[in-house]
Amino acid sequence: MKRLVLKFGGTSVGTVEKIKKVANIIKKRHSEGNEIIVVVSAMSGATNELVKKSNLISKNFDEKELDSLLSSGEQVSSSLLSGAILDLGIKARSWLGWQIPILTNDNHNSSQIIKIKTDEILGFISNGGVAVIAGFQGISMENRITTLGRGGSDLSAVAIAKFFQTDSCEIYTDVEGVLTTDPAINDKAKKIDKISYEEMLEMASLGAKVMQPSAVQSSMIDNIPIHVRSTFSEKSGTKIISESEIDHKKAVTGIAYSKNNAKVSIVGVVDKPGVAADVFEPIGKNNINIDMVIQNTSLDGKTANITFTIKEEDLKKTLDLIEKNKQKINYNKVTHDDKLAKVSIIGAGMIASPGVTHKMFRALADEKINILAISTSEIKISVLVREDLIQKAVKVLHKTFELN
Ligand code: ADP
Ligand code: ASP
Ligand code: MG
């Protein structure tokens, strides 16, 4: 007998018909003699609708109330799914985060899980019941409902796999597995059979929505293998496992992109120690994430230009902070651009394949795509381009690195 955690995403439970289909998958896995814990997301679109409503009330909607509101989508889907399983004649029960409880810190809207109490659910599944847990939510020490960041049911599943010591952690979704790129943008995307935690973490952080970055990070830390697979086909899916189990045949494993990036350049700052700290300190203190950073010095070495990227939604606040800080930073002028995208190639095989960088830049140049900024790590290269060029860039890179 095995103990399994099966997570079903919003697209897998998007309609009543789909919920019935999911209940049948669970029935099959249960009839094979497994102990089953199910984690479920809200029906697709439900969480976005709740976000929209809160925005209509206030642009600064209280973060604790927002968590209480957003977690309600999973109350609907977990009870509907549990009802569908009961209807197939199988013992089932739904649990909300606070009922278990799933204890988190009070970092509202992107909380971390500290501990999950297991005894009640272990008793239930060992007596043949299917436990259906509402994903994405927990409860803080202050007795307030928390959520784990958008896409956070993936993280719920990984944490449940850890605390319940399950034999597998299966993420059921609307695509066949992790693909070489987003199939919504390139129909030549191919399924990846095995990917390392490190590569998946880069893919997810750089925009591949199929797994939540924090979930991948947790699975990497606790060495929990993940199996990403389709709710709508029996195909084998993707295994996310440790690097040592993978033989990299290609330099690039996948391509990701993210939209809604903005670029800010501070021109003519005096080039002396401490300037970069003065620029970025107030921005960081306001919880704005800086992504790419480029600094270049003028020919006479007296001034420098500092360019960096942020999320578009943070642009106005960032410009205000720089303006406020003008006395201290002492610059000539500030320019900015929005509607930019980051397109990234990712692959641990890059380490052993020289020439990947120029191949990427040449392929983009041949398509007349202008690169606005670059950042690299050992296993990824990212470029900033205009948002309307995403598809063209992804397609040419996909072909260039033999992923088609
Ligand atoms: P779920 O509702 O199951 O949580 P998500 O919508 O969060 O599913 O993630 C699945 C979606 O991620 C796919 O429909 C696909 O469009 C998108 N996606 C982006 N990049 C990738 C990729 N590299 N591989 C697979 N899917 C991707
Ligand atoms: N329902 C939540 C969201 O839309 C969590 C999830 O889908 O994983 O972000
Ligand atoms: Mg998701």
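Reference entry: report on the structure contained in this document.

Definitions and cut-offs
- Residues numbered from 1 in each chain as written.
- Chains lettered and ligands numbered in written order.
- Predicted model: local features only at pLDDT ≥ 70, side-chain atom pairs only at ≥ 80, totals over all residues.
- Heavy atoms only, no water.
- Pairing = 2+ DSSP bridges.
- Helix = DSSP H or I, 4+ residues; strand = E, 2+ residues; numbered from the N terminus.
- Axes fitted to C-alpha atoms, helices over the stretch in contact; angles between N-to-C directions.
- Buried < 20%, exposed > 50% of the residue type's maximum accessible area, 1.4 Å probe, protein only.
- Parallel < 35°, antiparallel > 145°, perpendicular 65-115°, else oblique.
- Left-handed = near helix turned anticlockwise from the far one by under 90°.
- Contact = heavy atoms within 4.5 Å.
- Nonpolar A, V, L, I, M, F, W, Y, C, P; charged D, E, K, R; others polar.
- Near = heavy atom within 4 Å.
- Polar contact = N/O pair within 3.5 Å; in protein donor to acceptor, adjacent residues only side chain to side chain.
- Areas by Shrake-Rupley, 256 points an atom, 1.4 Å probe, with all protein chains shown as cover.
- Phe/Tyr/Trp six-rings, centres within 6.5 Å; stacked < 30°, edge-to-face > 60°.

Concerning the sheet that holds strand β15 (residues 303-311)
No. 1: What the 6 strands build is an open sheet, ordered β14-β15-β13-β16-β18-β17; its pairing is antiparallel. If you trace the sheet from one side to the other, it starts and ends with β14 (293-297) and β17 (373-377), each paired once. Taken pair by pair, the neighbouring strands of this sheet meet at an average axis angle of 25 degrees, ignoring direction.
No. 2: Examined bridge by bridge, β14 and β15 share 5 bridges and lie antiparallel to one another.

Quick notes on unusual backbone geometry
No. 1: Cis peptide bonds are those with omega within 30 degrees of zero, and the linkage from Ile100 to Pro101 qualifies with -15 degrees.
No. 2: Mapped onto the fold, Pro101 is located in the loop between β3 (92-95) and β4 (102-104).
No. 3: The backbone of Asn143 shows a phi angle near 70 degrees, a positive value even though the residue is not glycine.
No. 4: Inspection of the secondary structure puts Asn143 in the loop between β7 (137-140) and β8 (145-147).
No. 5: Looking at Asn143, the relative accessible area reads 63%, which means it is exposed.

Some thoughts on the packing of helix α6 (residues 153-163) against helix α8 (residues 213-221)
No. 1: Contact geometry of α6 with α8 gives a least axis separation of 7 Å together with a crossing angle of 15 degrees. With respect to α8, the axis of α6 lies roughly parallel. Relative to α8, the crossing made by α6 is left-handed. Touching Asp154, Leu155 and Val158 of α6 are Ser214, Ala215, Ser218 and Ser219, all from α8.
No. 2: When the residues that make up the contact of α6 with α8 are grouped by side-chain class, the tally is 3 nonpolar, 3 polar and 1 charged.

Let's talk about the site of ligand 2
No. 1: In the vicinity of ligand 2, the contacting residues are Ser41, Ala42, Thr47, Glu74, Phe136, Arg150, Gly151, Gly152 and Ser153.
No. 2: Between ligand 2 and Ser41 there is a distance of 3.4 Å, counted from an oxygen atom to a side-chain nitrogen or oxygen.
No. 3: The backbone of Ser153 places a nitrogen or oxygen atom 3.0 Å from an oxygen atom of ligand 2.
No. 4: Grouping the amino acids of the shell around ligand 2 by side-chain chemistry returns 2 nonpolar, 5 polar and 2 charged.

Let's talk about the site of ligand 1
No. 1: What surrounds ligand 1 is a group of 18 residues, the closest being Gly10, Thr173, Asp174, Leu179 and Asp182.
No. 2: Between ligand 1 and Gly10, the relevant distance is 3.0 Å, taken from an oxygen atom to a main-chain nitrogen or oxygen of the residue.
No. 3: Thr11 places a polar side-chain atom, nitrogen or oxygen, 3.1 Å from an oxygen atom of ligand 1.
No. 4: If ligand 1 stood free it would expose 570 Å²; the protein chains cover 87% of that surface.
No. 5: Tallied by class, residues from the shell around ligand 1 come to 8 nonpolar, 6 polar and 4 charged.

Things to note about the packing of aromatic side chains
No. 1: Applying the stated rule across the entire model yields 3 aromatic pairs.
No. 2: Summarising the aromatic geometry, the rings of Phe8 and Tyr172 are spaced 4.5 Å apart at their centres and angled 20 degrees between planes, so their arrangement reads as stacked. Of this pair, Phe8 sits in strand β1 (residues 3-8) while Tyr172 sits in strand β9 (residues 168-173), and the two are 164 residues apart along the sequence. Per residue, the accessibility class of Phe8 equals that of Tyr172, and both read buried.
No. 3: Note on Trp95 and Phe124: the rings are 5.2 Å apart at their centroids and 80 degrees apart in plane angle, and the pair reads as edge-to-face. With a gap of 29 residues between them, Trp95 in strand β3 and Phe124 in helix α5 (residues 119-126) connect regions that are remote in the sequence.

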